Amino acid sequence: MDYNYHTHTHRRSHASGTEEEYVKRAVENGIKYMGFSDHVPLRFSDGTESGYRVPVSDAKEYCREIKELGEKYKGKLDIKVGFEMEYYPEYFDKTIESVVEYGAEYLILGQHYTAPENIVVNQTISETDSVEDLCKYTSLVVSAMKTGVYTYVAHPDIF
């Protein structure tokens, strides 16, 4: 395999080291196509932000830095910048507008919650036998896929 489009950064403690260290390691290991996909910034209707996503204030800088690495390593590695994003219908249109403004080149679906995390505390990575939870999760993922904006589903956590 010579590609990886699901790479997080240090911006919210999902990884350590610099983006350039990841790029150098990718080149050393024969990766030809690489994408950085930190968790998309999201400001909730109550004005708060999630603690595990790129802060809204850092999003443009994140995209700019990754694109600069793409230029620096052009010819050695094709680098794209994107986000991993849940599908929350009530935030979808505004979030899409934002990722375009930030300069993202792709989105992957990582449905970690069945409702925005400022409302629900249960992540979908928790195993469940609840038919209701499984149906809600499945419905969200299928609806997200039907939007046509996600490149792929990163990890179907709840199953």
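The structure this text deals with has already been given above.
What comes next concerns the included structure.

Definitions and cut-offs
Residues numbered from 1 in each chain as written. Predicted model: local features only at pLDDT ≥ 70, side-chain atom pairs only at ≥ 80, totals over all residues. Heavy atoms only, no water. Helix = DSSP H or I, 4+ residues; strand = E, 2+ residues; numbered from the N terminus. Rg over C-alpha atoms; globule rule 2.2 N^0.38 Å. Buried < 20%, exposed > 50% of the residue type's maximum accessible area, 1.4 Å probe, protein only. Contact = heavy atoms within 4.5 Å. Areas by Shrake-Rupley, 256 points an atom, 1.4 Å probe, with all protein chains shown as cover. Lys, Arg positive; Asp, Glu negative; His and termini not counted. Charge placed at Lys NZ, Arg CZ, Asp CG, Glu CD. Pairing = 2+ DSSP bridges. Axes fitted to C-alpha atoms, helices over the stretch in contact; angles between N-to-C directions. 1 Å grid on protein atoms, 1.4 Å probe; cavity = no way out; pocket = protein on both sides within 12 Å on 5 of 7 lines; lining within 4 Å. Points joined across faces, edges and corners; volume = space filled by probe spheres on them. Nonpolar A, V, L, I, M, F, W, Y, C, P; charged D, E, K, R; others polar. Expected span 1.5 Å × (residues − 1). Arc of directions from axis to C-beta.

## Details of the overall build of the protein
Step number 1: When you go through the protein residue by residue, the secondary structure sums to four helices and four strands.
Step number 2: Along the protein, helices and strands appear, N-terminal first, in the series β-α-β-α-β-α-β-α.
Step number 3: The C-alpha atoms of the protein give 16 Å as radius of gyration, which agrees with the globular expectation for 159 residues (15 Å, within 12%).
Step number 4: Dimensions of the protein, computed from the C-alpha atoms along their principal axes, are close to 50 × 35 × 30 Å.
Step number 5: Looking at the protein as a whole, 43% of its 159 residues are labelled buried.
Step number 6: In the protein, of all internal contacts separated by at least 6 residues, the share reaching a separation of at least 24 is 69%.
Step number 7: When the accessible surface of the protein is split by element, carbon and sulfur atoms take 50% of a total near 8800 Å².
Step number 8: Once the 17 positive and 27 negative side-chain charges of the protein are each reduced to a mean point, those two points are 7 Å apart.

## Notes on the sheet that holds strand E3 (residues 78–85)
Step number 1: Strand order in this open sheet of four strands is E1-E2-E3-E4, and the pairing throughout is parallel. Because the sheet does not close on itself, it has two edges, and the strands there are strand E1 (3–7) and strand E4 (106–109). On average, each strand axis in the sheet is inclined to that of its neighbour by 30 degrees, with strand direction left out of account.
Step number 2: Summarising the sheet, strand E2 (residues 33–39) and E3 pair through seven bridges and their orientation is parallel. For Gly35, the partnering residue across the bridge sits in E3 and is Lys80.

## Let's talk about the environment of Glu65
Step number 1: As for its placement among the helices and strands, Glu65 is situated in helix H2 (residues 59–72).
Step number 2: Residue Glu65 is classed as partly exposed on the basis of its relative accessible area, which comes to 25%.
Step number 3: When the C-alpha atoms of Glu65 and Leu77 are compared, they prove to be 15 Å apart, with 12 residues separating the residues in sequence.
Step number 4: Ignoring anything within four residues of it in the chain, the contact list for Glu65 reads Arg11 and Glu19.

## Some thoughts on empty space enclosed by the protein
Step number 1: One pass over the structure, following the stated rule, counts one cavity of 30 Å³ or more.
Step number 2: Space inside the largest cavity adds up to approximately 60 Å³.
Step number 3: Taken together, Val40, Leu42, Arg53, Met85, Glu86, Tyr88, Tyr91, Phe92 and Thr95 form the lining of the largest cavity.
Step number 4: Here the lining of the largest cavity takes three residues from helix H3 (residues 89–102), the largest share from any one element.
Step number 5: Across the lining of the largest cavity, the residue classes tally to six nonpolar, one polar and two charged.

## Looking at helix H4 (residues 131–147)
Step number 1: Helix length check: H4, at 17 residues, gives a terminal C-alpha distance of 24 Å against a target of 24 Å (1.5 Å per residue), a fit within 8%.
Step number 2: Of the positions making up H4, those classed as buried are Tyr137, Leu140, Val141 and Ala144. An end-on view of H4 places all buried positions within 95 degrees of arc, on one side of the element. Residues of H4 that are exposed and point more than 90 degrees away from the buried face comprise Val131, Glu132 and Lys146.
Step number 3: Where the residues of H4 are buried, they touch H3 and E4.

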